[in-house]
Amino acid sequence: MNLRLLSFAFAVAGTLTMSAARPQVVAHRGYWNAPGSAQNSIRALVKADSIGADAVELDVWISADNVLYVNHDPDFKGVNIEKSDSETLSKLRLANGEPLPTLDSYLEVAKGLKPDLVVEMKTHTDPKREDVAVEKTINMITEKGLTDRTSYITFSRNSFDNLVAMSGRPVQFLSATEPAMLDKIGGDGADYHISVYRTNPQWFDELRALDKTINIWTVNSPADLKYCINHGADFITTDDPELAMQLVEEAYAPKEMKIMTYNLRFGELADMDRLAAEIKAHNPDFVAIQEVDVNTNRAASKHNNGLNYVTELAQRTGMFGYYGRAIDFGPGYYGIGILSRYPAEKIEKFELPNPGNEEPRALLIGTFELPDHKIVFACTHLDYRDHDTRKKQARFVADKLTQSPYPALLAGDFNATNGQIYIESIKAKMKELTNDRKTWPADVPQDKLDFIFGYPKENFQLKSCFVPEPAQNTASDHLPVVSDIIVNF
Ligand code: MG
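Residues numbered from 1 in each chain as written. Predicted model: local features only at pLDDT ≥ 70, side-chain atom pairs only at ≥ 80, totals over all residues. Heavy atoms only, no water.

(A) Up close: the overall build of the chain. A count of helices and strands for the chain gives 14 helices and 23 strands. Dimensions of the chain, computed from the C-alpha atoms along their principal axes, are close to 95 × 45 × 40 Å. Buried positions account for 55% of the 489 residues belonging to the chain. Carbon and sulfur atoms make up 50% of the accessible area of the chain, which amounts to about 19700 Å² in all. Computing the positive centroid from 52 side-chain charges and the negative centroid from 68, the chain places the two 2 Å apart. (Helix = DSSP H or I, 4+ residues; strand = E, 2+ residues; numbered from the N terminus. Buried < 20%, exposed > 50% of the residue type's maximum accessible area, 1.4 Å probe, protein only. Areas by Shrake-Rupley, 256 points an atom, 1.4 Å probe, with all protein chains shown as cover. Lys, Arg positive; Asp, Glu negative; His and termini not counted. Charge placed at Lys NZ, Arg CZ, Asp CG, Glu CD.)

Below you can see the structure in the form of structure tokens.
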């Protein structure tokens, strides 16, 4: 697997980037924390390969007689590498009995293995020696055909500039630098200590916006590893690659979710207990609800007058509730809502285009925090009278969702059916996650008006979709739609 830039620029949004793909696990100084291994040993490289680590990090020094060595500290067993010649250095043995590896011997073995190489150019006392070390390292990696598998890291600004200019490969800076400044000095990304990111969590978004890759060291505890996964690190550098790989695997396993959309007909046909029971019976993760009142005074739904439907339903279902006003209605509001099993990081409401001057409509979008990932869930209810209005509204909601930096779901009452331009324009960009069952009117359904869509298409699969049998005395004039979906993050 080659190291690559993992962000995807969005055509529409320009500066928005999709949350990073699955992070790559970098075995810090190889997998040295394994039996028979040692830091920066060839054994540690082989061990990292044997467990399928994505990459191996190694540290490079140059000896007084221009031989490249792999070691972390400037000294090994009291012998200073920069100031010693290869005759002296060749006699040194690592903790596991191996000779102190030359870069040449290390790369010879790496050639036959799979992990990528993250080569750290160490900070030498003399910058001119660094220049020689960088040039010789790049040449050796080129000669051994390892260029495509190599990226570089360094604390040294001098080596950083040389690597950016000469290597033609991704270069990440190890010295904590503000994203804007990092962008100014060039290079492909940041490789900072986890404490730097914890102190400056806004740097995750800033780095992504600048199209910089994010590497984090040295991440060993489960809590720290999860922090990196949840924040969309591109690379996690760790002394425990097996644990890191296991946690990445778990976080990126396909997730099943239950998504529901339900037009409640402003509570005319049922009280809050019944509507809540209808929702709770399905145990959904997210519910998009339409025709939702807050503190109204309707003759048709006297039993619900004065209630805030979202908070009533949230309370009864044990979910979080969020409201989006479409219009003022009597003493209160009429609009749409979201019920979620997960807390929201951000909720936004947009007024939909309304060229026909019809009843105002809304789109409610939330970013929600799942245990390992973020996901966007949105609810809408489109106009039903004017062609041009509904067409523009359908485009608007699809455009908004396809700008999402996270996998996104859109659910609601679209007042349109399959084959009509409104639904087809959304389906051009998003995947339909419902079946063909008709949803309205609930007693003798004529049309399917209620849909669930996912973006990007390839991240979502429909496992099954449930629409109850038509019946008299339903709780609403729409039937609810409940989809079991599989999300790939
Ligand atoms: Mg290092």
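(B) Representation of the coordination of the magnesium ion. The coordination sphere of the magnesium ion, as far as protein atoms go, consists of Glu57 (OE), Asp59 (OD) and Glu120 (OE), spread over 1.9 to 2.2 Å. In primary sequence terms, the donor set of the magnesium ion follows E-x1-D-x60-E. (Donors = N, O, S within 2.8 Å, 3.2 Å for Na, K, Ca; no water.)

(C) Highlighting the pairing of strand β19 (residues 408–413). Burial of β19 is extensive: six of the six residues sit out of reach of the surface. Going residue by residue along β19, you find Ala408, Leu410 and Gly412 tucked away on one face and Leu409, Ala411 and Asp413 tucked away on the opposite face as well. Bridge count for strand β18 (residues 374–381) against β19 is six bridges, and the pairing is parallel. Residue pairing across strands places Ala378 opposite Leu410, the latter belonging to β19. Traced from β18 through helix α13 (residues 387–402) to β19, the parallel crossover comes out right-handed. (Pairing = 2+ DSSP bridges. Right-handed = clockwise from strand over helix to strand, strands pointing away.)

(D) Up close: the packing of helix α4 (residues 127–143) against helix α5 (residues 157–166). At a minimum axis separation of 10 Å, α4 and α5 run at an interaxial angle of 30°. What the angle tells us is that α4 and α5 run roughly parallel. Helix-helix and strand crossings are classified by hand; for α4 and α5 the assignment is right-handed. The segment α4 lies against α5, with Pro127, Glu130, Asp131, Val134, Glu135 and Ile138 engaging Asn158, Ser159, Asn162, Leu163 and Met166. Of the residues that constitute the contact of α4 with α5, the class distribution is five nonpolar, three polar and three charged. (Axes fitted to C-alpha atoms, helices over the stretch in contact; angles between N-to-C directions. Parallel < 35°, antiparallel > 145°, perpendicular 65-115°, else oblique. Left-handed = near helix turned anticlockwise from the far one by under 90°. Contact = heavy atoms within 4.5 Å. Nonpolar A, V, L, I, M, F, W, Y, C, P; charged D, E, K, R; others polar.)

(E) Looking closely at the sheet that holds strand β15 (residues 332–340). Spatially, six strands are ordered β14-β15-β13-β12-β23-β22 in an open sheet, and the strand pairing comes out mixed. Strand pairing shows two members of the sheet lacking a second neighbour, β14 (320–329) and β22 (460–466), which therefore form its edges. On average, each strand axis in the sheet is inclined to that of its neighbour by 25°, with strand direction left out of account. In this structure, β22 lies alongside strand β23 (residues 481–487), joined through six bridges in antiparallel fashion. Opposite Cys465, over in β23, you have Ser483 as the bridge partner.

(F) Spatial organisation of the pattern of salt bridges. Applying the stated rule across the entire model yields 30 salt bridges. Arg265 serves as the salt-bridge partner of Glu268, at 2.4 Å between the closest nitrogen and oxygen. Exposure remark for Glu268: the relative accessible area of 24% places this residue in the partly exposed category. Of the charged contacts, one joins Arg274 and Glu278 as a salt bridge, the two residues approaching to 3.8 Å between their closest N and O atoms. Pair noted here: Arg274 and Glu278 are both in helix α11 (residues 272–280), with a separation of four residues, about one helical turn. For Arg274, a relative accessible area of 34% gives the class partly exposed. Assessed through its relative accessible area of 24%, Glu278 is described here as partly exposed. Put simply, Asp104, Glu108, Lys111 and Lys144 are held in one network by salt bridges that share partners. (Salt bridge = Lys/Arg side-chain N within 4 Å of Asp/Glu carboxyl O.)

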